[in-house]
Amino acid sequence: MYTGIKHLHVLLAVLSVVFLITRAIWLLRGSDLLQRKWVKIVPHVIDTLLLIAAITMVSMVPWLGQPWLWEKLVMVVLYIGFGFYIFKFAQSAATRVAGLVGAVGCIALIAHLALSKVPFVLS
Ligand code: HEM
């Protein structure tokens, strides 16, 4: 059961990142695809399911006692913030690309923390 939820969590995390990068590319190219209804809805569904899977795992195993998870949560909040910045606030191609680099950097740190379970600063 737990392993299945973890696989689902990882699949949804990959889909979340793929969608963010694809939508950012469409934004940079001025593509009409970004205006499609499903493109506006699907990422929210994926992110909600990703979070539900994460909360389910946390309710099954006492992960909240682990410092790596708290660092991961900080990076997840930053990742969400970069997403908002790219699509709502950044006005130029340069600032949008900078936001995308920040988001991808967060994902790299999130994946590293999830796999190694070794915190960067907390102990
Ligand atoms: C962008 C968001 C996220 C990404 C990219 C992500 C990525 C990952 C990855 C790649 C793993 C697999 C680690 C492994 O195979 O050992 C994982 C596991 C896990 N994640 Fe996430 N995650 C995200 C959000 C969250 C959130 C918000 C929480 C907590 C509320 C969370 C809690 C967990 C837990 C508890 C595990 C299970 C660790 C284990 O059983 O080994 N994740 N995550």
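Quick summary incoming for the structure in this document. The structure presented is a predicted model; accordingly, all values stated were derived computationally and were not measured.

Thresholds applied
- Residues numbered from 1 in each chain as written.
- Predicted model: local features only at pLDDT ≥ 70, side-chain atom pairs only at ≥ 80, totals over all residues.
- Heavy atoms only, no water.
- Phe/Tyr/Trp six-rings, centres within 6.5 Å; stacked < 30°, edge-to-face > 60°.
- Helix = DSSP H or I, 4+ residues; strand = E, 2+ residues; numbered from the N terminus.
- Buried < 20%, exposed > 50% of the residue type's maximum accessible area, 1.4 Å probe, protein only.
- Lys NZ or Arg CZ within 6 Å of the ring centre and 35° of its normal.
- Axes fitted to C-alpha atoms, helices over the stretch in contact; angles between N-to-C directions.
- Parallel < 35°, antiparallel > 145°, perpendicular 65-115°, else oblique.
- Left-handed = near helix turned anticlockwise from the far one by under 90°.
- Contact = heavy atoms within 4.5 Å.
- Nonpolar A, V, L, I, M, F, W, Y, C, P; charged D, E, K, R; others polar.
- Expected span 1.5 Å × (residues − 1).

Observations concerning the packing of aromatic side chains
Here comes step 1: Here the structure, examined in full by the defined rule, presents 2 aromatic pairs.
Here comes step 2: Seen in terms of ring centroids, Phe19 and Trp38 are 6.2 Å apart; in terms of plane orientation they differ by 80°. Their pairing is edge-to-face. Highlighted residues: Phe19 in helix H1 (residues 2-29) and Trp38 in helix H2 (residues 37-60), separated in sequence by 19 residues.
Here comes step 3: Assessed through its relative accessible area of 17%, Phe19 is described here as buried.
Here comes step 4: In this structure Trp38 comes out as partly exposed when scored by relative accessible area, which is 42%.
Here comes step 5: For the ring pair Trp63 and Trp68, a centre distance of 5.3 Å and an interplane angle of 75° mean the geometry is edge-to-face.
Here comes step 6: When the ring centre of Trp68 is taken as reference, the NZ or CZ atom of Lys117 above it lies at 5.1 Å.

A few points about the packing of H1 against helix H3 (residues 67-89)
Between two packed helices, the angle of one axis relative to the other and the distance separating the axes together describe the packing.
Here comes step 1: At a minimum axis distance of 11 Å, the contact between H1 and H3 shows a crossing angle of 25°. Classified by the interaxial angle, the pair formed by H1 and H3 is roughly parallel. For H1 against H3, the interelement crossing comes out left-handed. Here His9, Ser16, Val17, Leu20, Arg23, Ala24 and Leu27 of H1 come into contact with H3, specifically with Lys72, Tyr79, Gly83, Ile86 and Phe87.
Here comes step 2: Class assignment for the residues of the contact of H1 with H3 results in 7 nonpolar, 3 polar and 2 charged.

Topic: H1
Here comes step 1: The terminal C-alpha atoms of H1, which comprises 28 residues, lie 41 Å apart, in line with the 40 Å expected from a rise of 1.5 Å per residue.
Here comes step 2: For H1, the complete set of buried residues consists of Ile5, His9, Leu12, Ser16, Val17, Phe19, Leu20, Arg23, Ala24, Trp26 and Leu27.
Here comes step 3: Residues of H1 that are buried make contact with H2, H3 and helix H4 (93-116).
Here comes step 4: Gly30 sits one or two positions beyond H1 and adopts a positive phi of about 65°.

Interpretation in functional terms is not warranted from these geometric data alone.
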